Amino acid sequence: MCGIAGIVAHNNVNQELYDALTVLQHRGQDASGIVTCENGRLHLRKDNGLVRDVFTTSQMLKLKGNMGIGHVRYPTAGCTSSAEAQPFYVNSPFGLTLAHNGNLTNTEALKHVLFIEDQRHINTDSDSEVLLNVFAHELQQLRKLKLTVEDVFTAVSRVHQRVRGAYAVVVMIAGFGILGFRDPHGIRPIVFGERKTDKGSEFMIASESVALDVLGFDLIRDIEPGEAVFIEESGALHTKQCSDFVDHCPCMFEYVYFARPDSIIDDIQVYKARLRMGEKLADKIMRIWPDHDIDVVIPIPDTSRTAALQLANKLHVKYREGFIKNRYIGRTFIMPGQQKRKKSVKQKLNAIDLEFDGKNVLLIDDSVVRGTTSEQIIQMAREAGAKKVYFASAAPPVRYPNVYGIDMPVVEELIAHGRTEDEVCEAIGADRLIYQDLEDLIEAVRRGNRDIQHFDTSCFSREYITGDIDDAYLENVQALRNDDAQAKRNSENFIIEMQNSD
Ligand SMILES: O=P(O)(O)OC[C@H]1O[C@H](OP(=O)(O)OP(=O)(O)O)[C@H](O)[C@@H]1O
Ligand SMILES: NC(=O)CC[C@H](N)C(=O)O
Ligand SMILES: [Mg+2]
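Per-chain numbering applies: the sequence of each chain, read as written, is numbered from 1 onward. All chains are assigned letters beginning at A, and all ligands numbers beginning at 1, according to the order in which they are written. Given that the model is predicted, a residue must reach a pLDDT of at least 70 before its local features are reported, and side-chain atom pairs must reach 80 or more before they are shown or counted; all residues, however, enter totals for whole chains, interfaces and linings. No hydrogens and no water enter the side-chain calculation; it runs on all heavy atoms of the structure.

1. Notes on the overall build of the chain
Going along the chain from the N terminus, every DSSP run of H or I of four or more residues is numbered as a helix, and every run of E of two or more is numbered as a strand. Helix and strand content of the chain: 17 helices and 22 strands. A globule of 502 residues ought to have a C-alpha radius of gyration of about 23 Å, and the chain, at 23 Å, matches this closely. C-alpha extents for the chain along the principal axes are approximately 75 × 50 × 45 Å. Buried positions account for 62% of the 502 residues belonging to the chain. Here, two residues are considered to be in contact whenever any of their heavy atoms come within 4.5 Å of each other. Taking the intrachain contacts of the chain between residues at least 6 apart in sequence as the baseline, contacts between residues at least 24 apart amount to 70%. To measure how exposed things are, a 1.4 Å probe is used in the Shrake-Rupley method; for residues, cover is taken only from the protein chains shown. Surface exposure of the chain reaches about 19600 Å², of which carbon and sulfur atoms provide 46%. Atoms considered for the radius of gyration are the C-alpha atoms alone. The globule rule reads 2.2 Å times the number of residues to the power 0.38. Think of it in three bands: with a 1.4 Å probe and only protein chains considered, a residue is buried below 20% of the maximum accessible area for its type, exposed above 50%, and partly exposed in between.

2. Remarks on the pattern of salt bridges
Between Lys or Arg on one side and Asp or Glu on the other, a salt bridge is scored when a side-chain nitrogen of the former is within 4 Å of a carboxyl oxygen of the latter. By the definition in use, this model includes 31 salt bridges. Residues Lys111 and Asp125 are paired through a salt bridge, measuring 3.7 Å at the closest nitrogen-oxygen approach. You can see Lys111 sitting in helix H4 (residues 107-116) and its partner Asp125 sitting in the loop between H4 and helix H5 (127-140), a full 14 residues away along the chain. Here Arg188 makes a salt bridge to Glu254, at a shortest N to O gap of 2.9 Å. Of the two residues, Arg188 sits in the loop between strand E8 (177-182) and strand E9 (191-197) while Glu254 sits in helix H8 (residues 252-258), which places them 66 residues apart along the sequence.

3. A closer look at the UniProt feature "domain: Glutamine amidotransferase type-2" (unreviewed entry) in the chain
Residues annotated by UniProt as "domain: Glutamine amidotransferase type-2" (unreviewed entry) correspond here to residues 2-234. Within residues 2-234, the helical portion is 27% and the strand portion 35%, while the C-alpha atoms at the span's ends are 28 Å from each other. UniProt positions are given in the numbering used here, feature names are shortened, and annotations may be inferred rather than shown by experiment.

4. Regarding the pairing of strand E6 (residues 96-104)
When you tally the buried positions in E6, you get 9 out of 9 residues, the bulk of the element. When DSSP finds two or more bridges between a pair of strands, those strands are recorded as paired. Pairing analysis gives 3 bridges linking strand E5 (residues 88-90) to E6, with the strands arranged antiparallel. Residue Tyr89 lies in a different strand from E6, and its bridge partner there is Thr97. The hairpin turn running from E5 into E6, its antiparallel successor, is 5 residues long, and Phe94 in that turn takes a positive phi close to 70°. Inspection of the sheet shows E6 paired to strand E7 (residues 165-173) by 9 bridges, in the antiparallel sense. Each bridged residue has a counterpart across the sheet, and for Gly102 the counterpart in E7 is Tyr167.

5. Quick word on the sheet that holds E7
Read across the open sheet, the 6 strands follow the order E5-E6-E7-E8-E12-E13; overall the sheet is antiparallel. Edge positions in the sheet fall to E5 and strand E13 (237-241), since each has one partner strand and no second. The sheet shows a mean angle of 20° between the axes of neighbouring strands, taken without regard to direction. Sheet analysis places E8 next to strand E12 (residues 227-232), joined by 5 bridges and oriented antiparallel. Of the residues in E12, the one forming a bridge with Leu179 is Phe230. Note on geometry: axes are C-alpha line fits, over the in-contact stretch for helices, and angles between N-to-C directions span 0 to 180 degrees. Docked against the sheet, H5 engages E5, E6, E7 and E8, running at close to 125° with respect to E6.

6. Some points on the pairing of strand E1 (residues 3-8)
Counting buried positions along E1 gives 6 out of 6 residues, so the element sits mostly inside the fold. Here E1 shows two buried faces, one formed by Gly3, Ala5 and Ile7 and the other by Ile4, Gly6 and Val8. Here E1 pairs with strand E4 (residues 67-73) via 6 bridges, running antiparallel. What sits directly across from Ile7, in E4, is Gly68.

7. Thoughts on the UniProt feature "binding site: Mg(2+)" (unreviewed entry) in the chain
As annotated in UniProt, the feature "binding site: Mg(2+)" (unreviewed entry) corresponds to Thr303, Asp365 and Asp366 in the numbering used here. The greatest C-alpha distance among the residues just named is 7.6 Å, despite their covering 64 residues of sequence, which places them together in space. Note on placement: Asp365 falls in strand E20 (residues 360-365). Those residues within four positions of Asp365 in sequence are excluded, and the remaining contacts are Ile300, Ser304, Thr373, Phe391, Ala392, Ser393 and Ala394. Structurally, Asp366 can be placed in the loop between E20 and helix H12 (372-383). Filtering out sequence-adjacent residues up to four positions away, Asp366 remains in contact with Val256, Tyr257, Thr303, Ser304, Ser393, Ala394 and Ala395. Residues adjacent in sequence count toward polar contacts only when both atoms are side-chain atoms; beyond that, a polar contact is any pair of N or O atoms within 3.5 Å, and within protein one must be able to donate a hydrogen and the other to accept it. A polar contact is formed between the side chain of Asp366 and the side chain of Ser367, at a distance of 2.7 Å.

8. Considering the nonpolar core
The nonpolar core is taken to be a set of buried Ala, Val, Leu, Ile, Met, Phe, Trp, Tyr and Cys residues, with the residues joined through side-chain atoms within 4.5 Å. Core analysis: the largest hydrophobic core is formed by 59 residues, its most contacted members being Phe253 and Leu362. What fixes the domain bounds is an automatic or database domain assignment. The residue makeup of this core includes at least three contributed by each of domain 1 (3-247) and domain 2 (272-325 + 346-461). Each residue touching Leu362, except ones within four places of it in the same chain, is listed here: Ile285, Ile294, Val296, Val297, Ile298, Leu311, Leu315, Tyr390, Phe391 and Ala392. Core analysis: the second largest hydrophobic core is formed by 34 residues, Phe153, Val163, Phe181 and Ala228 among them.

9. Quick word on the site of ligand 2
Put simply, a residue is near a molecule or strand once any heavy atom of it comes within 4 Å of that molecule or strand. Lining the immediate surroundings of ligand 2 are 15 residues, of which Met1, Cys2, Arg73, Gly102 and Asp127 lie closest. Thr76 is positioned with one of its backbone polar atoms (N or O) 2.9 Å from an oxygen atom of ligand 2. Between Asn103 and ligand 2, the recorded distance is 3.3 Å, taken from a side-chain N or O atom to a nitrogen atom. Elements supplying a minimum of two residues to the shell around ligand 2: E6 and H5. The element that contributes the greatest number of residues to the shell around ligand 2 is E6, accounting for 4 residues. In the shell around ligand 2, the residues fall into 5 nonpolar, 8 polar and 2 charged. Under the convention adopted here, Pro, Cys and the residues Ala, Val, Leu, Ile, Met, Phe, Trp and Tyr are nonpolar, Asp, Glu, Lys and Arg are charged, and Gly plus all remaining residues are polar.

What follows is the structure, encoded as structure tokens:
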């Protein structure tokens, strides 16, 4: 679940892109990058690490130019080499750079055709590099010396015809402008906004509206599924629907976990959706367990707080912050490798004993995926003196892989896979476990925008909207992306990046 941003302004955009990426840091903690364009020349800096670690002051000063794009990465394809940090660059045609959020599902087939027919070299295992080369090829096919905006939109249409999966993308065309586009299912979020200045309007494209808020841009709207937005370097804005087929199906997990609560995605306020998740879960508890003996509701920070607060209100049970989060530890779920994730839960969360001592506590999390957090946190609650430890998840059991940009490829790693709810309860060591029902989750989110007919809920339901996911595909992903295979690839397959500067 990477974060992407692009800005066209009347002054240097380096600092603003840095700030935008910092605001989007929760979407990717592994690598960061910015590329700017100054008089047709590109300046690129990217590496593994958090935004604050990747850019030194002297590098920032070199990122000159009034337009640029940036990326924070959470790998869902390829490996963790800094060579796969984004934005990616190809020189032909025109000098293109690209930042991508999502995951393609026909990468291998595309790679083959790119090599055999389009005669393009792919240097990494990243699906985003493939996507950039498909776009570059389609732009090149138009054989134009001077591009028009219509040409750019034509290339996007052809990308939609060739590429499958999830992709929210920003592309910068050197000396021309910045393009944003979204796959015909609109699986990943992407918005654009405007800021009026004395010199004229400035525009920004970003994964989440919160990045626009922080930089003083007004949200115009989401990029529609299949649509493209192009902002010329001069500041002229163009939009066009570039796909004949559109079937909006945004990712449910954005609302459950990934997005910041202060973002608005597809006209749905994430914060309100999470409040409603809490209400729905409270309704379920009252329905199936009217005589509960819960003394206190305690969230597992950070993401579950919003849902837990509303759940406690609805249940008329005290809400207490029983776990304190170390503000210097990032999100554990998006860390690479189970060992690191496991260690980080303890470093990240600590219990305030008096909120647990002698009480029946209901712990709330937004989701239980591998069970890394819940297992340890229940143990901590018991050590803090809890009498009974009940656990509730604002999302249903996660039983199937996600192939659209969330790195949960291996079913055996999912604690609910092949287990009944009672078995999961036992595995995480809870006295009782309550999961949100899928219909309730959908209703909680959809109430914010009833125009959306369906969501990508594949990790709960095993229904994959792109229609190209079968058992063989899932087995292949599983073989490629289980923790051991990833660790092996990361150590053996390390590529030094092509642009390597200090
Ligand atoms: O079952 P698991 O595999 O442990 O995954 C689920 C947990 O991971 C996430 O927290 P994370 O620490 O990533 O981020 P947060 O601070 O935003 O809650 C999520 O909010 C759950 O707490
Ligand atoms: N989480 C994402 O959006 C990842 C983008 C891309 N698939 C990568 O692995 O770099
Ligand atoms: Mg969490």
